[in-house]
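Structure at a glance
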Amino acid sequence: MISFEGRGRRLTGVAVAALATTALLGGCAAGAPQAEGDDTTLNAIFLPAAWGTVVKEQLAPQYEAETGVKVNVELIARDAIHEKMATLFAGQDSSYDIFNLDYNWIPEFGQGGHLVPLDDVVEDPSDFLPLSLEVATWDDQLLGIPQTVHPAVLWYNSALYNDPETQAAYQEKTGDALTVPATMDEWFEQVKFFDGREFNGQTLSGWAAQAAKGFGNVHTWLSFAFSYDCQPFDADFTESTLSSPECIEATQRWADMMQYMPAGANELTYDNVTAAAQQGTIATAIQWSWGQFATDDPATSQTVGQWEIAPMPAGPGGTSAGHLAAWVISVSKYSTKVDEAKKFAAWLETKENDVFQAKNGAGDPVRISSYEADELLSETLPDTDVPRFRRLATTLEAMQSAQPRPRFAGEEIWETTLSTELSAISLGERSVEEGLKRADEAQNRNLSD
């Protein structure tokens, strides 16, 4: 059994106080919620990822059948959710009751006082992954119930790594055995070896990851940054520290490796990386843990059962820390049906529904108990003995060292600022040092405004 410890400067109100009152809080959400009236209707906005579609198509109808409460679920893109929330909250609009949030918006909307605390409805908070609660907490209040986590991890094609011809060629070229890389230096050597090599009729690229300007390149860069012990800010978010030696070294390694990505690397999105893995045209990747389900889909993938995951390769200081992606469920302060909305949000993340969502491809679980659920661990891919949820043990391990994006109210603007400079660096338009200096200067101006 893996143990977890509370972490983070704003976690105390949930991971300490809430854990001490597990029995009391669990009783608030036990069993099927009772509707306030037969005509109660909730309006919700979710991301059109698998966890949003599962809520819309399966869980919301089930909730209505059990309680009589209808939940209208609208699916819209990530940036559109953020924009719509900002607009609705500015007008104190009660049109929507529930929102699916990328966790980095919690500080922004929490500081603005737009979200309802949910501490009192969470069933068995001690069963949630501590980091999933931390990133949903602001000023000692739980402002979002975790719905899914997916830390960035190393993907590797096990068929390639286990191929005797490939193993012999690598041994001859490097003098080392071909094994899953434990360090950034080992991984870089393997990426260079694989790049341009033929395997199963495909010409390989050494690796792939999100690199498109926007949030994609930032999210990949963060896994390098954290593993190189680079922290983008000082402890109280008063100064940008991207020009530190650790950040420069991390960014240089990321930039050097970009040349071993597929053509058009600077436009790669999550979907592009997934497609390359499905086609077997890449050897390794940095990708979200839950995405493994797509490479195991025989309808779209030529590499079913081949992709395995491992923790991020460690940087020079021995740190292995993937960037955390996670989504939460929050309730609007301006809802006229706050109590009913809170009940639905809590119901979505009961132990039973956490497993249900994972089983249906809706991200990786947020509850520790789900990682031991026989319903998940016993399932195999059709006509094989390959476990469908073979990633869960590594995902759980990765959640102990994963790090979130900088947690302050201006994070979304920071991503845009940094992404511009990272794009220029990867295109060779600026040196690493110049690009990071410009990002520091721009962010420090934002902090002083």
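One structure accompanies this document, and this report is about it. (Residues numbered from 1 in each chain as written. Predicted model: local features only at pLDDT ≥ 70, side-chain atom pairs only at ≥ 80, totals over all residues. Heavy atoms only, no water.)

Description of the overall build of the chain
Definition in use: A run of DSSP states H or I qualifies as a helix once it reaches four residues; a run of E qualifies as a strand once it reaches two. Both are numbered from the N-terminal end. We take the radius of gyration over the C-alpha atoms and set the globule estimate at 2.2 Å times the residue count to the 0.38 power. Buried means the residue's accessible area, taken with a 1.4 Å probe over protein chains only, is under 20% of the maximum for its type, while exposed means over 50%, and partly exposed covers the values in between. It only takes one pair of heavy atoms within 4.5 Å for two residues to be counted as in contact.
Counting secondary structure elements, the chain contains 19 helices and 12 strands. Relative to a compact globule of 449 residues, whose C-alpha radius of gyration would be 22 Å, the chain shows 22 Å and is just as compact. Structurally, the chain occupies a C-alpha span of about 70 × 60 × 35 Å along its principal axes. For the chain, buried positions account for 58% of its 449 residues. If you take every contact in the chain between residues at least 6 apart in sequence, the share linking residues at least 24 apart comes to 75%.

A closer look at the state of the cysteines
Put simply, the test is: Here, two cysteine sulfur atoms that lie within 2.5 Å of each other are counted as a disulfide.
Evaluation of the coordinates by the stated rule reveals one disulfide. Covalent S-S linkage joins C230 and C247, the inter-sulfur distance amounting to 2.0 Å. Between C230 and C247, the S-S torsion sits near 85°, and that sign places the bridge as right-handed. Linking C230 in the loop between α10 (216–227) and α11 (245–257) with C247 in helix α11, this pair joins segments that are 17 residues apart in sequence.

Focus on helix α9 (residues 184–194)
Taken together, the buried positions of α9 are M184, W187, F188, Q190, V191, F193 and F194. Positive backbone phi, at 90°, marks G196, one or two positions downstream of α9.

As for the packing of aromatic side chains
Aromatic rings in a pair are described by how distant their centres are and how their planes are angled relative to each other. Applicable threshold: Each Phe, Tyr or Trp ring, with Trp reduced to its six-membered ring, pairs with another whose centre is within 6.5 Å; inter-plane angles below 30 degrees give stacked pairs, above 60 give edge-to-face pairs, and intermediate values give tilted ones. For a Lys NZ or an Arg CZ to count as sitting over a ring, it must be within 6 Å of the ring centre and within 35 degrees of the ring normal.
In the structure shown here, the tally under the stated rule is 25 aromatic pairs. Taking the centre distance of 5.7 Å and the plane angle of 55° together, the rings of F233 and W414 count as tilted. Of the two residues, F233 sits in the loop between α10 and α11 while W414 sits in helix α18 (residues 411–426), which places them 181 residues apart along the sequence. Residues Y270 and W290 carry aromatic rings whose centres are separated by 6.1 Å and whose planes lie at 5° to one another, so their mutual orientation is stacked. Here the residue Y270 occupies a position in helix α12 (residues 270–279), and W290 occupies one in the loop between β10 (282–288) and α13 (292–295), the gap between them amounting to 20 residues. As far as burial versus exposure is concerned, Y270 and W290 are alike and both buried. Three or more aromatic residues link up through ring pairs in this structure, and these residues are W51, W105, Y270, W290, F293 and W327. A cation over a ring is seen here: R78 above F215, with NZ or CZ 4.7 Å from the ring centre. The ring of F188 is capped by K192, whose NZ or CZ atom sits 4.4 Å from the centre of that ring.

Some details on the pattern of salt bridges
Pairs may arise between side chains of opposite charge once their charged atoms sit close together. The condition that has to hold: The term salt bridge refers to a pairing of a side-chain nitrogen on Lys or Arg with a carboxyl oxygen on Asp or Glu at a separation within 4 Å.
Enumeration according to the criterion identifies 18 salt bridges in this entry. A salt bridge links R430 to E421, with the nearest nitrogen and oxygen atoms 2.8 Å apart. Residues participating in the shared-partner salt-bridge network are R78, D79, D102, R405, E412 and E415.

Concerning the pairing of strand β3 (residues 98–102)
Here is the rule: When DSSP finds two or more bridges between a pair of strands, those strands are recorded as paired.
Counting buried positions over the five residues of β3 gives five, a clear majority of the element. With burial as the criterion, each face of β3 is covered, one bearing I98, N100 and D102 and the other bearing F99 and L101. Where strand β1 (residues 41–46) and β3 come together, two bridges link them in parallel fashion. Residue A44 lies in a different strand from β3, and its bridge partner there is I98. Where β3 meets strand β12 (residues 324–331), five bridges bridge the pair, whose relative direction is antiparallel. If you follow F99 over to β12, its bridge partner there is S330.

Points about the environment of P130
Mapped onto the fold, P130 is located in helix α6 (residues 130–134). Note: C-alpha distance between P130 and R367 (237 residues apart in sequence) is 9.3 Å.

A look at helix α3 (residues 50–67)
Cut-off, in case you're wondering: Expected helix span is taken as 1.5 Å per residue step, with the number of steps being one fewer than the number of residues. At any given residue, the bend is defined as the angle formed between two axes, one fitted to the seven residues that end at that position and one fitted to the seven that begin there.
Between its first and last C-alpha atoms α3 spans 24 Å; for 18 residues at 1.5 Å apiece the expected length is 26 Å, and the two agree. At K56, α3 shows its maximal kink, close to 40°. Of the residues making up α3, those classed as buried are A50, W51, G52, V54, V55, L59, A60, Y63 and T67. In the segment just after α3, G68 is the residue with positive phi, at about 85°.

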